[in-house]
Amino acid sequence: MAESWDGNHDPGSPSEESYHLERLHIEPIYDAFICPLTKQVMQDPVTLENGMTFEREAIEKWFKECRDSGRKPVCPLTQRDLKSMELNPSIALRNTIEEWNARNEAAQIDMARRSLSLSSGEGDIMQALKFVQHLCQKSRSNKHVIRNAELIPMIVDMLKASSRRVRCKALETLLVVVEDDDDNKEIMAEGNNVRRIVKFLSHEQSKEREAAISLLYELSKSENLCEKIGSVNGAILILVGMASSKSENLVTVEKAENTLENLEKCEINVKQMAENGRLQPLLTLLLKGSSETKLSMAVFLGELVLNNDAKVLVARTVGSSLINIMKHGNVSSREAALKSLNQISSYESSAKILIEAGILPPLVKDLFFVGANQLPMKLKEVSATILANIVNTGYDFDSVSVGSEHQTLVSEDIVHNFLHLISNTGPAIECKLLQVLFGLTSSPTTVFNIVSAIKSSAATISLVQFIEAPQKDLRVASIKLLRNLSPHMGQELARCLRGTSGQLGSLIKVISENTGITEEQAAAVGLLADLPERDRGLTRQMLDEGVFQLVISRVVSIRQGETRGNRFVTPYLEGLVKVLSRITFVLTDELDAVALCREQNVAALFIELLQTNGLDNVQMVSAMALENLSQESKNLTKLPELPKPGFCVSIFPCLSKPPVITGLCKVHRGTCSLRDTFCLLEGQAVDKLVALLDHTNEKVVEASLAAVSTLLDDGVDIEQGVQVLCEAEGIKPILDVLLEKRTETLRRRAVWAVERLLRTEDIAYEVSGDPNVSTALVDAFQHGDYRTRQIAERALKHVDRIPNFSGVFPNTG
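Treat the numbers as computed from the prediction; the structure is a model and nothing was measured.

Calculation notes
Residues numbered from 1 in each chain as written. Predicted model: local features only at pLDDT ≥ 70, side-chain atom pairs only at ≥ 80, totals over all residues. Heavy atoms only, no water. Phe/Tyr/Trp six-rings, centres within 6.5 Å; stacked < 30°, edge-to-face > 60°. Buried < 20%, exposed > 50% of the residue type's maximum accessible area, 1.4 Å probe, protein only. Lys NZ or Arg CZ within 6 Å of the ring centre and 35° of its normal. Pairing = 2+ DSSP bridges. Helix = DSSP H or I, 4+ residues; strand = E, 2+ residues; numbered from the N terminus. Contact = heavy atoms within 4.5 Å. Axes fitted to C-alpha atoms, helices over the stretch in contact; angles between N-to-C directions. Arc of directions from axis to C-beta. pLDDT = per-residue confidence, 0-100. Patch = residues over 30% accessible without salt bridge, like charges linked within 9 Å, V, L, I, M, F, W, Y side chains within 5 Å. Areas by Shrake-Rupley, 256 points an atom, 1.4 Å probe, with all protein chains shown as cover. Salt bridge = Lys/Arg side-chain N within 4 Å of Asp/Glu carboxyl O. Lys, Arg positive; Asp, Glu negative; His and termini not counted. Charge placed at Lys NZ, Arg CZ, Asp CG, Glu CD. UniProt positions renumbered as here; feature names shortened; annotations may be inferred. Left-handed = near helix turned anticlockwise from the far one by under 90°. Nonpolar A, V, L, I, M, F, W, Y, C, P; charged D, E, K, R; others polar.

**Digging into the packing of aromatic side chains**
Link 1 in the chain: Summed over all chains, the structure comprises 4 aromatic pairs.
Link 2 in the chain: With centroids separated by 5.8 Å and ring planes inclined at 50 degrees, the aromatic side chains of tyrosine 395 and phenylalanine 397 adopt a geometry described as tilted.
Link 3 in the chain: For phenylalanine 397, a relative accessible area of 2% puts it in the buried group.
Link 4 in the chain: Through pairs of rings, three or more aromatic residues link up here, namely Tyr30, Phe33 and Trp100.
Link 5 in the chain: Geometry around tryptophan 62 places arginine 71 over its ring, the cationic atom sitting 5.7 Å from the centre.
Link 6 in the chain: Residue placement shows lysine 480 over the ring face of phenylalanine 438; its charged tip is 4.7 Å from the ring centre.

Here's what the structure looks like:
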């Protein structure tokens with residue numbers, strides 16, 4: 001017996017392995033038990049007329065071959081003809097063999113029990129496992145023998161063996177044991193058996209993983225085991241990963257997929273699959289399940305966190321069904337549907353699918369309806385959230401009917417209803433509806449409808465009041481909406497902020513918070529920046545409240561890197577610079593503004609900001625501010641006081657000499673400085689402005705050209721201004737702007753500047769030889785507006801393209 005389990009033999013083919021296993025016995029094999037044809041122990045022995053005994057299946061195959069070949073039936077051993085092919089069962093021999101088998105199998109099972117121990121040698125364990133496989137494959141009824149012998153838990157224990165071969169063979173053996181046997185599968189459900197198998201799914205060795213998934217697939221055919229498998233932590237996640245793998249063995253992928261399909265019988269597994277990205281089973285149940293199942297799946301879907309691709313899949317698959325539930329279900333069903341729709345409406349592509357599926361009419365109805373069947377307020381909040389998600393998709397809402405009279409979201413009565421709800425509900429819904437209006441005002445096709453409705457309902461003041469709301473989300477939504485409105489109703493908003501209610505102070509408080517740069521701060525400073533810059537009353541109030549000092553400190557902090565950067569830094573800085581530029585529009589009327597600009601050296605800050613490469617708006621606004629400051633320079637320059645002539649000079653004027661005064665600004669003819677008179681020349685800003693004339697953004701070029709043109713303006717020494725531009729190599733860039741003709745505004749400014757340059761004879765002479773400049777001036781003369789044509793005409797006279805007729809006719813004035 002010991003020799004039979006020593007594991008020294010190495011079976012080759014399956015038939016050889018079976019042959020060796022047949023010889024794992026206690027009693028010797030008698031020759032009478034062996035079929036002469038198969039060389040194996042017979043199971044159904046039959047005897048021929050000549051007394052020879054064979055396995056029934058083997059001799060029947062022999063006779064068939066004889067018939068097929070046209071030969072007479074002969075005995076395969078004697079080769080003598082047989083008169084009859086009658087097969088007589090050898091009942092006595094069969095019973096003897098069965099008794100012999102039973103005695104041997106009992107002994108072999110006992111030997112297997114003793115060998116299936118972690119303390120046994122690898123060879124003994126392998127031989128025992130092979131015997132169990134052979135026994136189960138030999139007869140399906142033997143599986144209950146294995147079960148009754150309590151071998152299944154012992155085989156499971158072999159999964160803990162240190163030998164990889166043993167572990168793999170144990171998995172294969174368990175598959176044979178449980179295949180098509182529900183009772184054996186039930187034993188596998190006990191304890192941690194399933195968990196041990198699942199562990200092999202993430203094993204590095206592919207053979208063990210393949211064996212484990214095959215076993216798990218077989219176990220998953222039992223409904224009782226489906227929940228057990230799903231309850232193992234990570235099992236479904238691993239299976240989903242295997243089923244979607246691009247590098248896994250194809251057979252393994254298929255088995256994983258089939259296992260998951262079996263696990264779908266259990267709803268809790270379906271929910272787990274959805275959590276791990278396999279949504280289709282849940283969506284199928286939501287469409288085809290019972291009422292209770294549909295509700296359960298919808299509730300769970302509303303709690304899931306979906307990626308964007310999943311949102312699109314859900315919208316396409318069950319969007320219409322969810323909308324239908326939202327329209328006709330009971331309160332609990334509508335709640336589940338709304339929460340699911342809230343999930344999938346947060347992505348632009350899936351939201352558009354919902355719009356096309358007809359979500360808007362019932363959504364608006366739920367928000368506005370008041371009566372016995374109205375939604376609870378908490379669900380109206382969800383409806384408002386969905387609508388806020390949807391309107392931020394940029395869809396053409398002017399073409400989608402939402403009411404019985406074919407109103408749209410931007411119809412006046414619908415907007416009035418939104419405004420009414422905003423003023424008469426709680427902060428949560430108010431916030432979402434403000435976001436709805438923000439979305440609708442973000443589109444150039446619908447913003448005018450919203451502005452018109454707000455004006456007709458006199459709702460501006462109530463909207464501005466939300467700036468003071470204690471809830472941050474509500475403040476942010478309000479400020480963002482007001483910023484969208486400011487280009488279209490800026491004067492009205494400025495008038496509201498100038499009031500005594502304190503909203504301007506609330507905006508300043510938001511901007512001044514030292515919590516890093518938030519979306520709220522960027523929106524607040526953007527709102528202030530977009531208000532009419534020439535509103536003197538608002539600027540005066542901002543001066544009184546110290547807004548500009550705060551703005552300057554924030555700009556300097558960002559420029560020095562003291563404020564940590566995030567995605568809101570750029571809009572925040574752009575807004576700050578634009579707010580600061582307001583002060584340069586009131587210099588003529590507000591002495592306090594001039595004093596502040598001097599005290600804070602604002603001109604130097606704007607010159608520094610000209611060099612913020614990559615921030616076009618900052619450069620543009622800085623150049624505009626410098627234009628305003630430079631325009632004021634001629635008014636602030638201190639003209640020199642000439643000394644009074646002495647006594648002799650007063651009697652003898654011929655003895656006098658004009659006094660020589662040094663240190664004067666050659667453009668402004670007086671004492672200048674950057675801090676006190678905002679002189680561009682003293683601030684060395686000309687080179688920086690000239691450099692921006694080559695910018696790709698025409699708005700930056702336009703602002704820079706306007707700033708340098710102040711050196712050629714009336715009230716300054718134009719000839720010296722031209723000289724300054726020559727020294728800064730600015731003549732050619734100005735001419736290039738004229739030639740490029742990027743915008744009508746740029747052409748008008750360039751024509752004005754070129755006409756001033758051409759007043760200098762040397763430049764006029766040089767330019768007259770450039771046909772491109774002449775052509776550009778002729779084009780402006782022919783196609784420009786009235787003012788541009790006048791200036792172009794003067795410029796053409798400077799280069800002798802148009803004769804000067806001023807002296808032809810006598811002066812009759």
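Moving on from the model shown.
**Some words on the sheet that holds strand E1 (residues 45–47)**
Link 1 in the chain: The 3 strands are arranged E2-E1-E3 in an open sheet whose pairing can be described as antiparallel. Each edge of the open sheet is held by one strand with a lone partner, namely strand E2 (53–55) and strand E3 (88–89).
Link 2 in the chain: In this sheet, E2 lies alongside E1 in antiparallel orientation, the contact comprising 3 bridges. Its bridge partner being in E2, valine 46 is matched across the sheet by phenylalanine 54.
Link 3 in the chain: Most of the contacts of helix H2 (residues 56–69) go to E2, to which it runs at about 95 degrees, and overall it touches E1, E2 and E3.

**Remarks on unusual backbone geometry**
Link 1 in the chain: Phi at histidine 406 takes a positive value of approximately 60 degrees, unusual for a residue other than glycine.
Link 2 in the chain: Residue asparagine 601 is not a glycine yet carries a positive backbone phi of 50 degrees.
Link 3 in the chain: With respect to the helices and strands, asparagine 601 occurs in the loop between helix H32 (591–600) and helix H33 (602–609).

**Quick notes on the environment of phenylalanine 131**
Link 1 in the chain: Within the secondary structure, phenylalanine 131 is located in helix H4 (residues 122–138).
Link 2 in the chain: Given a relative accessible area of 1%, phenylalanine 131 falls into the buried group.
Link 3 in the chain: Phenylalanine 131 sits 450 residues away from serine 581 along the chain, and the two C-alpha atoms are 92 Å apart.

**Digging into helix H24 (residues 447–456)**
Link 1 in the chain: All of the buried residues in H24 are Val447, Ile450, Val451, Ala453 and Ile454. One side of H24 carries all its buried residues, which in axial view fall inside an arc of 165 degrees.
Link 2 in the chain: Backbone geometry just downstream of H24 places alanine 458 in the positive-phi region, at approximately 50 degrees.

**Considerations on the confidence of the model for the chain**
Link 1 in the chain: Mean pLDDT over the chain stands at 87; residues scoring 70 or higher make up 92%.
Link 2 in the chain: Every residue in residues 1–23 is under pLDDT 50, and counting partners more than four places away or in other chains gives 39 contacts.
Link 3 in the chain: In this model, residues 807–813 is a region of pLDDT below 50 whose contacts with residues beyond four sequence positions or in other chains number 0 contacts.

**Notes on a negative patch on the surface**
Link 1 in the chain: A cluster of acidic residues, Glu179, Asp180, Asp182, Glu186 and Glu190, forms a negative patch at the surface.
Link 2 in the chain: Here glutamate 186 is to be found in helix H8 (residues 182–188).

**Description of the UniProt feature "domain: U-box" (unreviewed entry) in the chain**
Link 1 in the chain: The feature "domain: U-box" (unreviewed entry), as annotated in UniProt, sits at residues 28–107 in this numbering.
Link 2 in the chain: Across residues 28–107, helical content stands at 39% and strand content at 10%; the span's end C-alpha atoms are separated by 13 Å.

**Quick look at the packing of helix H41 (residues 744–757) against helix H44 (residues 786–798)**
Link 1 in the chain: Closest axis-to-axis distance for the H41/H44 pair is 9 Å, and the angle between their directions is 35 degrees. Here the hand of the crossing between H41 and H44 comes out left-handed. Taking contact as the criterion, the partners of Arg748, Val751, Trp752 and Glu755 in H41 are, on H44, Thr788, Ile791, Ala792, Arg794, Ala795 and His798.
Link 2 in the chain: Looking at the contact of H41 with H44 residue by residue, the classes come out as 5 nonpolar, 2 polar and 3 charged.

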